[in-house]
Amino acid sequence: MTTTAGPAQGDHRATYREVLAEPRFRLLFATRTVAVTADALRITTFSVLVYAATGSALLSALAFGIGFVPQMFGSLLLGSLADRLPPHALITGGYGLTCAAALLLALVRMPTVASLGVVALVALATPVFHGASSRLVAQSLQGDAYVLGRSLNNIAASGAQLFGLALGGAAVAALGPHRALAVSAVLYLGCALATLMRLPRLRWEGFDGTHGSARGGDGAVRASLRGAVMLLRARTVRRLVLAQWLPPAFVAGAEGLIVAYAGGRHFAPGWYAVLMGCLPAGMLVGDLLMGRLLRPPARERLVVPLIALMGLPLVGFAAEPGTGVSSCLLLLCGFGFAYGLGLQRPFLDALPQHGQGQAFGLLGSGSMTLQGVGPACFGAVAAGIGTSGTIALAGGAAALTAGWILTWHPPASSPPAPTPL
């Protein structure tokens, strides 16, 4: 099975219909969309549950973010398993584990520290499951179809996250937090059963090119740490990873201040929710238009302008705009997230075949971790210079990333050659 796009496919523009016609991708896409909905439902409901039990805003915020930060450690310590174990077992087991955790939180009355520990442990293993799924997508889709597959996942994830947040509020109001957590467990269970019954059981040798743990007898932790170091030491891979980590982290820092900005400007109640919804709305439109209308070389040439579009509108918050202008600025910022489509093919081409699963897990876990750390860092800055100035500062930092990419040789518009590790 070919794992990366060949040169002959370089300028071919795929369609979403072609992508969805691939059975394995269609199954992974559907289950991942349901799982993102369940994630949003579980995260918000668990935060409500912790706040109800403790009355602590700090612990409630920790409950909201506890599923993000540990992912980086899980990727570093366990990431190699995404390439060493069969994808069917990993993906099905991942959904089963998250189902069990949600059910445990729903049915067992545990101390707050213990419940936080359960969520953190699941987060440690998450990069392994996601890495295996992403690698299987890369094996199932060729050339531009792979890029559009990532685009579809982004679009669906944004919509599913919004739906999951709304479902969480409705479920808590109608059922209470414990039963709402049980609803998320049912959604995870459905994903696990779907992959168990419908995802093909690929031969282990065909998945990573070796049999089992035949990697010099290394343990999982040692192999994971060594693999992560080798990936990040490769200049092309490191640059492409940072380019996908940093701008979203800066924007997340700004996003974390929207509620405070709306309150400080005395916007009408509920406007903060409208402003927060503008970012994912812009992301949906950007991914859809970039994926549907542009050919691969055009997307790759637009990486730098789109990153600049992520950051520069946020700089406008220095003028403390009102609701209408703020909404437009955030929509433009969200549209800029489509820059990631221009990096998907170069990133895949730069990866060694035997380390794709770990690389995808590292990419996702690092992004989630930095997007969890970003709001805390910029929140601390806002205490000194105010929310509007800090949002502008975050936007400026994102725009500077575009300038950094311009210094690359070769430029981002030319797919880098594969880097042997």
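Please read all numbers here as calculations on a predicted model, not as lab measurements.

A. Representation of the overall build of the chain within the structure. When you go through the chain residue by residue, the secondary structure sums to 20 helices and zero strands. Per-residue burial over the chain gives 52% buried out of 421 residues. In the chain, 86% of the contacts between residues at least 6 apart in sequence involve partners at least 24 apart. Carbon and sulfur atoms form 69% of the exposed surface of the chain, whose accessible area is close to 17,600 Å².

B. Quick peek at a positive patch on the surface. On the surface, a cluster of positive charge is contributed by R13, R17, R292 and R295. Structurally, the position occupied by R17 is in helix α1 (residues 16-20). Owing to a relative accessible area of 73%, R17 belongs among the exposed residues under this scheme.

C. Just helix α4 (residues 70-78), in detail. Turning to α4, its buried residues are P70, Q71, M72, G74 and S75. Those residues of α4 that are buried are in contact with α7 (112-140), α11 (220-233), α12 (235-255) and α19 (356-385).

D. Fine view of unusual backbone geometry. The phi angle at H266 is positive, at roughly 60 degrees, despite the residue not being glycine. Inspection of the secondary structure puts H266 in the loop between α13 (258-264) and α14 (271-293). Positive phi, normally seen in glycine, also occurs at E320, with a value near 55 degrees. Here E320 is to be found in the loop between α16 (303-315) and α17 (323-335). Its relative accessible area of 39% is what places E320 among the partly exposed residues.

E. Local environment of the packing of aromatic side chains. This structure, assessed with the given rule, holds six aromatic pairs. Where Y261 meets F267, the ring centres are 5.9 Å apart and the plane angle is 80 degrees; that geometry is what we call edge-to-face. This pair shows no difference in class: Y261 is buried, exactly as F267 is. Look at Y261 and F317: their rings are 5.2 Å apart centre to centre, the planes differ by 75 degrees, and that puts the pair in the edge-to-face class. Remark: F317 occurs in the loop between α16 and α17 and Y261 occurs in helix α13; sequence separation between them is 56 residues. The exposure classification of Y261 matches that of F317, with both residues buried. Counting every residue linked through ring pairs, the aromatic cluster contains Y261, F267 and F317.

F. Just a nonpolar patch on the surface, in detail. A cluster of nonpolar side chains, contributed by V69, F73, L77, V221, L225 and V373, occupies part of the molecular surface with about 460 Å² of accessible area. One can find V373 in helix α19.

G. Inspection of the packing of α4 against α11 at higher detail. Packing of α4 against α11 leaves a shortest axis separation of 5 Å and a crossing angle of 105 degrees. Here α11 runs roughly perpendicular to α4, going by the angle between their axes. Residues S75, L76, L77 and L78 of α4 form the contact with α11, whose own contacting residues are A220, V221, S224, L225 and A228.

H. The confidence of the model for the chain, seen in detail. Of all residues in the chain, 89% have pLDDT values of 70 or greater, and the mean over the chain is 82. Within the chain, no element has a lower average pLDDT than helix α10 (residues 204-208), which sits at 45, and none a higher one than α16, at 95.

I. The arrangement of the pattern of salt bridges in detail. What the rule picks out here adds up to five salt bridges. Residues R42 and D39 are paired through a salt bridge, measuring 4.0 Å at the closest nitrogen-oxygen approach. Highlighted residues: R42 and D39, both in helix α2 (residues 23-54), separated by three residues, approximately one helical turn. The pair formed by R42 and D39 is uniform in burial state, with each residue classed as buried. R345 is paired through a salt bridge with E300; the nearest N and O atoms lie 2.9 Å apart. Taken together, the residues R345 in helix α18 (residues 341-350) and E300 in helix α15 (residues 296-301) connect sequence positions 45 residues apart. Taken individually, R345 and E300 each receive the classification buried, so the pair is uniform in this respect. The structure contains a network of salt bridges with shared partners spanning R32, D39 and R42.

J. Region of interest: the environment of A273. Looking at where A273 falls in the secondary structure, it is placed in helix α14. Taking the C-alpha atoms as reference, A273 lies 9.5 Å from A262; in sequence the two are 11 residues apart.

K. Up close: the nonpolar core. In terms of nonpolar packing, the biggest core is built from 80 residues, with Y146, V237, L314, L330 and F347 touching the most fellow members. For F347, the contacting residues outside a window of four places in its chain are V237, L240, V241, Q244, A359, F360 and L363.

L. The arrangement of the packing of α16 against α17 in detail. Between α16 and α17, whose axes approach to 7 Å, the crossing angle comes to 160 degrees. Between α16 and α17, the angle falls in the class roughly antiparallel. The crossing of α16 and α17 is left-handed. Where α16 approaches α17, its residues L306, L309, M310, P313 and L314 are matched on the opposing element by L329, L330, L332, C333 and F335. Looking at the contact of α16 with α17 residue by residue, the class counts come to 10 nonpolar, no polar and no charged.

Conventions used here
- Residues numbered from 1 in each chain as written.
- Predicted model: local features only at pLDDT ≥ 70, side-chain atom pairs only at ≥ 80, totals over all residues.
- Heavy atoms only, no water.
- Helix = DSSP H or I, 4+ residues; strand = E, 2+ residues; numbered from the N terminus.
- Buried < 20%, exposed > 50% of the residue type's maximum accessible area, 1.4 Å probe, protein only.
- Contact = heavy atoms within 4.5 Å.
- Areas by Shrake-Rupley, 256 points an atom, 1.4 Å probe, with all protein chains shown as cover.
- Patch = residues over 30% accessible without salt bridge, like charges linked within 9 Å, V, L, I, M, F, W, Y side chains within 5 Å.
- Salt bridge = Lys/Arg side-chain N within 4 Å of Asp/Glu carboxyl O.
- Lys, Arg positive; Asp, Glu negative; His and termini not counted.
- Charge placed at Lys NZ, Arg CZ, Asp CG, Glu CD.
- Phe/Tyr/Trp six-rings, centres within 6.5 Å; stacked < 30°, edge-to-face > 60°.
- Axes fitted to C-alpha atoms, helices over the stretch in contact; angles between N-to-C directions.
- Parallel < 35°, antiparallel > 145°, perpendicular 65-115°, else oblique.
- pLDDT = per-residue confidence, 0-100.
- Core = buried A, V, L, I, M, F, W, Y, C linked by side-chain atoms within 4.5 Å.
- Left-handed = near helix turned anticlockwise from the far one by under 90°.
- Nonpolar A, V, L, I, M, F, W, Y, C, P; charged D, E, K, R; others polar.

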